[in-house]
Amino acid sequence: YNLSQTYNLGVSQPWKGQSVSANFQNSLFKDKNKTAHDLDTNTLALSANLVLWKDFRLSLGNTLSETKDKLDGHSRDSNSQSLSINFALIPRRLMAQTWGTSSIAKDNGATSAANSRLWSLNTELSWQVKEKLVLTGGLSHTNERDVILDKRTAKTGISVRTSLNF
């Protein structure tokens with residue numbers, strides 16, 4: 001059997017439809033079967049959801065995570081950011097939303113070394129045709145870079161969606 005102990009501390013403050021929050025988590029993994037390495041992970045997450053004016057909303061966040069291997073001493077670190085903006089171009093008729101993420105991950109293990117960077121950007125327009133019918137179209141782009149292998153991968157996409165509420 002294995003043993004996991006997780007401790008979490010979080011605070012959140014809402015006000016007038018907005019909020020900010022901070023969370024810290026520590027997780028200890030102990031392999032009692034001796035088939036995997038014991039791990040100690042710390043994660044810190046910060047976020048804010050804001051209403052900047054009537055039809056304009058902004059959400060942003062940052063998450064830092066570090067995992068230490070208790071057996072061989074190597075570590076895996078990640079840092080991720082997110083941003084989302086939602087606003088009305090024509091109130092209750094045409095909405096726009098844009099969101100993106102960025103992350104960096106590093107691992108200094110002898111057999112698992114990694115150093116990658118990833119970012120993505122998405123945007124959509126949603127048109128409320130009728131009270132229960134919404135048409136949405138959007139674009140997305142993702143770019144990933146493996147620093148160790150000096151390799152880049154990029155993907156671009158288009159999305160079309162119909163929503164019928166009843």
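The paragraphs below set out a description of the structure included in this document.

Rules used in this analysis
- Residues numbered from 1 in each chain as written.
- Predicted model: local features only at pLDDT ≥ 70, side-chain atom pairs only at ≥ 80, totals over all residues.
- Heavy atoms only, no water.
- Helix = DSSP H or I, 4+ residues; strand = E, 2+ residues; numbered from the N terminus.
- Rg over C-alpha atoms; globule rule 2.2 N^0.38 Å.
- Buried < 20%, exposed > 50% of the residue type's maximum accessible area, 1.4 Å probe, protein only.
- Contact = heavy atoms within 4.5 Å.
- Areas by Shrake-Rupley, 256 points an atom, 1.4 Å probe, with all protein chains shown as cover.
- Pairing = 2+ DSSP bridges.
- Axes fitted to C-alpha atoms, helices over the stretch in contact; angles between N-to-C directions.

### Here's the deal with the overall build of the chain
Within the chain, the secondary structure is distributed over zero helices and nine strands. The C-alpha radius of gyration of the chain comes to 21 Å, more than 25% above the 15 Å expected for a compact globule of 166 residues. Overall, the C-alpha framework of the chain stretches about 60 × 40 × 30 Å when taken along its three principal axes. For the chain, with 166 residues in total, the buried portion stands at 20%. For the chain, the proportion of contacts with a sequence separation of at least 24, taken over those separated by at least 6, is 40%. Surface summary for the chain: the accessible area is close to 11500 Å², and the carbon and sulfur share equals 58%.

### Focus on the sheet that holds strand 4 (residues 56-69)
Spatial strand order, 1-2-3-4-5-6-7-8-9: nine strands in an open sheet with antiparallel pairing. Two strands bound the open sheet, and with one partner strand each, they are strand 1 (2-15) and strand 9 (151-164). When strand polarity is set aside, the average angle formed by the axes of neighbouring strands in this sheet is 10 degrees. Here eleven bridges tie strand 2 (residues 18-31) to strand 3 (residues 39-53), and the two strands are oriented antiparallel to one another. Its bridge partner being in strand 3, Gln 25 is matched across the sheet by Thr 43.

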